[in-house]
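# Architecture at a glance
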Amino acid sequence: MASNRNRFAFFEGKFVPIEEAKVSIMCHGLNYGTGCFEGIRAYWNEDEKQLFVFRMLEHYERLHNSCAILLIELPHSVQDLGDLTIELLRREGIKEDMYVRPLAFKSQEGIGVRLKGIKDSFAMFAIPFGRYIEREEGAKVCVSSWRRIYDTSLPARAKCTGAYINSALCKSEAEMNGFDEAIVLTRGGSVSEGSAENFFMVRDGVLITPSVTSDILEGVTRLTLMQLARDELHIPVKERSIDRTELYVCDEAFLCGTGVQVAAIASVDNRPVGDGHIGPITKKLRDMYYDIVRGRVPKYRAWCTPVF
Ligand code: PMP
């Protein structure tokens with residue numbers, strides 16, 4: 001179905017047919033990985049016949065932060081980027097769950113590794129999108145033999161295109177060894193995050209996640225779930241360093257992110273987490289999250305921007 005319809009991209013300041021949104025083989029971002037991006041989900045609500053974009057402006061605030069780190073001049077404000085996203089989704093006109101990919105990158109053609117004084121561009125496209133991990137109710141994960149990139153070298157805080165080599169190495173190793181996902185340790189050996197997801201565990205009724213200084217991407221879903229745990233489940237939430245062996249003794253664990261949503265972890269390094277099934281806190285957070293993103297919870301409706 002997707003191949004027969006008109007598809008669009010926002011490229012070089014205007015909406016164009018997606019086939020026309022092309023970069024040169026000499027593009028700086030392609031050669032050196034000098035770009036940064038976002039991944040934003042829009043959820044179709046069948047009852048209301050409406051598409052809702054989840055926490056759109058928070059994603060664009062993070063894009064602005066990534067650009068600041070990469071010395072990319074973004075010609076659009078956070079609000080403008082939001083408006084462009086709605087316009088793109090309206091033009092696409094698809095009435096199912098979508099994934100939006102905004103991309104700011106060094107677009108200059110030529111050789112030379114630097115950030116300052118290089119031409120920047122912004123582009124955006126959207127695709128229909130379902131699950132990221134098949135076994136969302138109980139993923140088999142391993143601890144990666146790769147380490148997470150670190151802040152004084154390649155900052156994980158910026159969502160940089162080039163940095164996803166690290167994620168791809170971790171994810172591929174995990175899949176080639178029969179796992180769904182990888183948990184990645186910092187250089188110092190504490191838990192950082194998944195290959196492209198933030199990590200949470202439950203120990204003795206406390207929800208625990210690595211702090212923002214653990215070489216993680218500061219996830220929008222992470223913040224959302226921390227708020228829901230505190231305000232709706234009334235459980236304590238702690239940001240602290242997590243040891244590898246805590247993964248083997250925790251009561252519950254899950255990965256979260258825009259793409260993966262909330263994926264329960266069934267086992268780590270072939271050791272069951274809890275009883276090997278989705279735990280009660282993970283289940284409650286997951287159910288709540290899936291309702292909220294589709295605009296079904298009035299209290300959190302402000303997080304959902306309607307497209308049509
Ligand atoms: N960490 C990494 C490395 C990611 O790529 C993502 C996905 N953007 C996340 C965490 C989760 O972030 P968010 O909840 O904002 O999607």
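What you are looking at is a predicted structure, and each value in this text was computed from that prediction instead of being measured.

## Section: the site of the ligand
- Within the structure, the ligand sits among 16 residues, and Arg62, Tyr164, Glu193, Thr221 and Thr258 are positioned closest to it.
- Glu193 has a polar side-chain atom sitting 2.6 Å from a nitrogen atom of the ligand.
- In the environment of the ligand, an oxygen atom lies 2.7 Å from a nitrogen or oxygen atom belonging to the backbone of Val220.
- Burial of the ligand by the protein amounts to 97% of the accessible area it has alone, namely 380 Å².
- The site holding the ligand turns out to be the largest pocket.
- When residues of the shell around the ligand are traced back to their parent elements, those giving at least two are helix H2 (56-70) and helix H5 (220-233).
- Taken together, the residues of the shell around the ligand sort by class into four nonpolar, seven polar and five charged.

## Details of the domain arrangement of the protein
- Domains assigned within the protein are domain 1 (8-128) and domain 2 (139-293).
- Inter-centroid distance (C-alpha atoms) of domain 1 to domain 2 is 25 Å.
- Tallying the contact residues gives 21 residues for domain 1 and 19 residues for domain 2.
- Contact with domain 2 buries surface across domain 1, with Phe37, Phe54 and Arg62 losing the most and accounting together for 35% of the total.
- Applying the counting rule to domain 1 against domain 2 returns zero salt bridges.
- Across the contact surface, domain 1 and domain 2 share 10 residue pairs in polar contact (both at pLDDT 80 or more).
- Elements that contribute at least two residues to the side of domain 1 that touches domain 2 include exactly strand S3 (35-37), strand S4 (40-45), strand S5 (50-54), H2 and strand S6 (98-106).
- Examining the composition of the side of domain 1 that touches domain 2, we find that six residues originate from one element, H2, more than from any other.

## A closer look at the packing of H5 against helix H6 (residues 280-293)
- As a packed pair, H5 and H6 sit with axes 10 Å apart at the nearest point and diverge in direction by 110°. Here H6 runs roughly perpendicular to H5, going by the angle between their axes. Classified by chirality, the crossing of H6 by H5 is right-handed. Contacts from Thr221, Thr224, Leu225, Leu228, Ala229, Glu232 and Leu233 in H5 reach Ile281, Lys284, Leu285, Met288, Tyr289 and Ile292 in H6.
- In terms of residue class, the contact of H5 with H6 is made up of nine nonpolar, two polar and two charged.

Conventions adopted
Residues numbered from 1 in each chain as written. Predicted model: local features only at pLDDT ≥ 70, side-chain atom pairs only at ≥ 80, totals over all residues. Heavy atoms only, no water. Near = heavy atom within 4 Å. Polar contact = N/O pair within 3.5 Å; in protein donor to acceptor, adjacent residues only side chain to side chain. Areas by Shrake-Rupley, 256 points an atom, 1.4 Å probe, with all protein chains shown as cover. 1 Å grid on protein atoms, 1.4 Å probe; cavity = no way out; pocket = protein on both sides within 12 Å on 5 of 7 lines; lining within 4 Å. Sits in = over half its atoms within 2 Å of the grid points. Helix = DSSP H or I, 4+ residues; strand = E, 2+ residues; numbered from the N terminus. Nonpolar A, V, L, I, M, F, W, Y, C, P; charged D, E, K, R; others polar. Domains from an automatic or database assignment. Contact = heavy atoms within 4.5 Å. Buried area = accessible area lost by both parts, 1.4 Å probe. Salt bridge = Lys/Arg side-chain N within 4 Å of Asp/Glu carboxyl O. Axes fitted to C-alpha atoms, helices over the stretch in contact; angles between N-to-C directions. Parallel < 35°, antiparallel > 145°, perpendicular 65-115°, else oblique. Left-handed = near helix turned anticlockwise from the far one by under 90°.

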